[in-house]
Amino acid sequence: MSARTARPRPSRSRLAGALLAVALVAAGCGGAEDPAPEGAATSSAVSDAGGASNGGGASDDGGASDRGGRSAAPLPVEPYPVTPAPDGFTPPDACSGEGAYFVEVGGTATPALPERAGESLTIALSGIQGADAQLTATLGDSDPRPIQDITLGESVTIDLWTLSVTSVCDATQQVEFDLID
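Residues numbered from 1 in each chain as written. Predicted model: local features only at pLDDT ≥ 70, side-chain atom pairs only at ≥ 80, totals over all residues. Heavy atoms only, no water.

## Describing the overall build of the protein chain
Each helix and strand counted, the protein chain has 1 helix and 8 strands in total. Looking at the protein chain as a whole, 26% of its 181 residues are labelled buried. A separation threshold of at least 6 residues defines the contact pool for the protein chain, and within that pool the share at least 24 residues apart is 44%. Total accessible area on the protein chain is roughly 12000 Å²; 54% of this is exposed by carbon and sulfur atoms. (Helix = DSSP H or I, 4+ residues; strand = E, 2+ residues; numbered from the N terminus. Buried < 20%, exposed > 50% of the residue type's maximum accessible area, 1.4 Å probe, protein only. Contact = heavy atoms within 4.5 Å. Areas by Shrake-Rupley, 256 points an atom, 1.4 Å probe, with all protein chains shown as cover.)

Written as structure tokens, this is what we have:
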């Protein structure tokens, strides 16, 4: 026998465990993400595939990410701006009942607005505070986007539609408007 002792060979399960650990670290699953440096602003990152990065290697649209950004709360959506009533405008009675379209709190506009360029627009009313209506607009299948508080005589342009408010009635929780072509 030789004075040298043979080195023990690692078992197959130890070898498989080590390979799994290396694969997990390489895939980014080995630990928590590094926290953002103090005072650093966070923003949503965009992957090479065009989707927002979730920091885990895949974009929200299922494509591959470059893992170059950090996830953060989504940026707030800017409301559609409202055009004030013209100078010298004398508003009618708040509950005049005028307007080709109407929407009640919790509902969507009736009748449905006409499609334009193959897109639809849905107007919903979330509430009325005094003389101001809180409306949202949904273009096609997109997420609803708020409209600045709007009242009698004011208008808002949303893509190919311009709406003019003709009645904001707190008593009936209803807003009426016309579609301006």
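## Remarks on the packing of aromatic side chains
For the structure on display, the rule yields 1 aromatic pair. Between Tyr-101 and Phe-177 the ring centres are 5.5 Å apart and the planes differ by 10°, which places this aromatic pair in the stacked class. With Tyr-101 in strand S2 (residues 101-104) and Phe-177 in strand S8 (residues 174-180), the pair connects residues that are 76 residues apart, well separated along the chain. Residue Phe-177 is classed as buried on the basis of its relative accessible area, which comes to 1%. Across from the ring centre of Tyr-80, 3.9 Å away, lies the NZ or CZ of Arg-145, which sits over that ring. (Phe/Tyr/Trp six-rings, centres within 6.5 Å; stacked < 30°, edge-to-face > 60°. Lys NZ or Arg CZ within 6 Å of the ring centre and 35° of its normal.)

## Some points on the state of the cysteines
One pass over the structure, following the stated rule, counts 1 disulfide. The residue that forms a disulfide with Cys-95 is Cys-169, at a sulfur-sulfur distance of 1.9 Å. Torsion about the S-S bond of the Cys-95 and Cys-169 cystine: about 90°, corresponding to right-handed handedness. With Cys-95 in the loop between strand S1 (82-83) and S2 and Cys-169 in strand S7 (residues 161-169), this residue pair connects regions lying 74 residues apart in the sequence. Residue classification places Cys-95 among the partly exposed positions, given a relative accessible area of 36%. Judged by relative accessible area, which is 4%, Cys-169 ranks as buried. (Disulfide = S-S within 2.5 Å.)

## Notes on the pairing of strand S3 (residues 121-129)
In the sheet, S3 pairs with strand S4 (residues 132-139) via 8 bridges, with the strands oriented antiparallel. For Ile-128, the partnering residue across the bridge sits in S4 and is Ala-133. (Pairing = 2+ DSSP bridges.)

## Things to note about the sheet that holds S1
On the basis of which strands lie adjacent, the open sheet formed by 5 strands has the order S1-S6-S7-S8-S2 and antiparallel pairing. Single-partner strands in this sheet number two, and they are S1 and S2. As judged from the 4 bridges shared by strand S6 (residues 155-158) and S7, these two strands associate in the antiparallel manner. Residue pairing in the sheet places Ser-155 in a bridge with Ser-164 of S7.

## Thoughts on the sheet that holds S3
Spatial ordering of the open sheet is given by S3-S4-S5, a layout of 3 strands whose pairing is antiparallel. Strand pairing shows two members of the sheet lacking a second neighbour, S3 and strand S5 (145-146), which therefore form its edges. Bridging between S4 and S5 involves 2 bridges; their strand directions are antiparallel. Pairing of Ala-137 across the sheet is with Arg-145, part of S5.

On their own, these measurements won't tell you what the molecule is for.
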